[in-house]
Amino acid sequence: FLRSQAHHLQPIFQVGKAGVNDNMIIQIGEALEKRELIKVNILQNNMEDKNEVAQQLSEGTGAEVVQIIGNIIVLYRESEENKQIELP
């Protein structure tokens, strides 16, 4: 269900060669609170494994990794104030 919801979304964050940092985790956490479902793009110059990046983002934000397609990570976290997605 969440994969179909995320299909039309554009990535709103990019992980570059600096990798995942605290500021990025804070911003992604805020975006998840507003949108619940987001895409993160891993740039070509990032040398870390995409599964490792997904795990870092998931642990840092408390979000679930919905899927990883190519260099795109889809994250979901239920919003406390802006609930928009009803899970089946």
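Everything that follows concerns the structure shown earlier in this document.
Residues numbered from 1 in each chain as written. Predicted model: local features only at pLDDT ≥ 70, side-chain atom pairs only at ≥ 80, totals over all residues. Heavy atoms only, no water.

Quick word on the overall build of the chain
Each helix and strand counted, the chain has 3 helices and 4 strands in total. The order of helices and strands in the chain, counted from the N terminus, is α-β-α-β-α-β-β. In summary, the chain has a C-alpha radius of gyration of 12 Å against a globular reference of 12 Å for 88 residues, a match within 12%. Its C-alpha atoms put the chain at 35 × 25 × 20 Å along the principal axes. Evaluated residue by residue, the chain yields a buried proportion of 40% over its 88 residues. Taken as a whole, the chain presents about 5,500 Å² of accessible surface, with 45% of it coming from carbon and sulfur. (Helix = DSSP H or I, 4+ residues; strand = E, 2+ residues; numbered from the N terminus. Rg over C-alpha atoms; globule rule 2.2 N^0.38 Å. Buried < 20%, exposed > 50% of the residue type's maximum accessible area, 1.4 Å probe, protein only. Areas by Shrake-Rupley, 256 points an atom, 1.4 Å probe, with all protein chains shown as cover.)

Focus on the pairing of strand E4 (residues 72-76)
Side-chain direction in a regular strand flips from residue to residue, so the side chains alternate between the two faces of the sheet. Of all 5 residues in E4, 4 are buried, a share of seventy percent or more. For strand E3 (residues 64-69) and E4, the ladder comprises 5 bridges, and the chain directions are antiparallel. Opposite isoleucine 69, over in E4, you have isoleucine 72 as the bridge partner. Hairpin connection, E3 to E4: the antiparallel pair is bridged by 2 residues, and glycine 70 has positive phi, about 60 degrees. (Pairing = 2+ DSSP bridges.)

Let's talk about the sheet that holds E4
With mixed pairing, the 4 strands of this open sheet are ordered in space as E1-E2-E4-E3. What marks the edges here is a single partner per strand, and that holds for strand E1 (13-15) and E3. Between one strand and the next, the sheet's axes are offset by a mean angle of 25 degrees, whatever the strand orientation. Looking at chain direction, strand E2 (residues 37-42) and E4 are connected through 5 bridges and run antiparallel. Note on E4: the bridge partner recorded for asparagine 41 is isoleucine 72. Across the sheet, helix H2 (residues 22-35) is in contact with E1, E2 and E4; its angle to E2 comes to roughly 150 degrees. Lying on the sheet, helix H3 (residues 50-61) is in contact with E1, E2, E3 and E4; it crosses E3 at an angle near 155 degrees. (Axes fitted to C-alpha atoms, helices over the stretch in contact; angles between N-to-C directions. Contact = heavy atoms within 4.5 Å.)

What about the pattern of salt bridges?
Taken as a whole and assessed by the stated rule, the structure comprises 1 salt bridge. Taking the shortest distance from any N to any O, the salt bridge between glutamate 78 and lysine 83 comes out at 3.9 Å. Of the residues examined, glutamate 78 reaches a relative accessible area of 43% and is grouped as partly exposed. Judged by its relative accessible area of 38%, lysine 83 falls in the partly exposed class. (Salt bridge = Lys/Arg side-chain N within 4 Å of Asp/Glu carboxyl O.)

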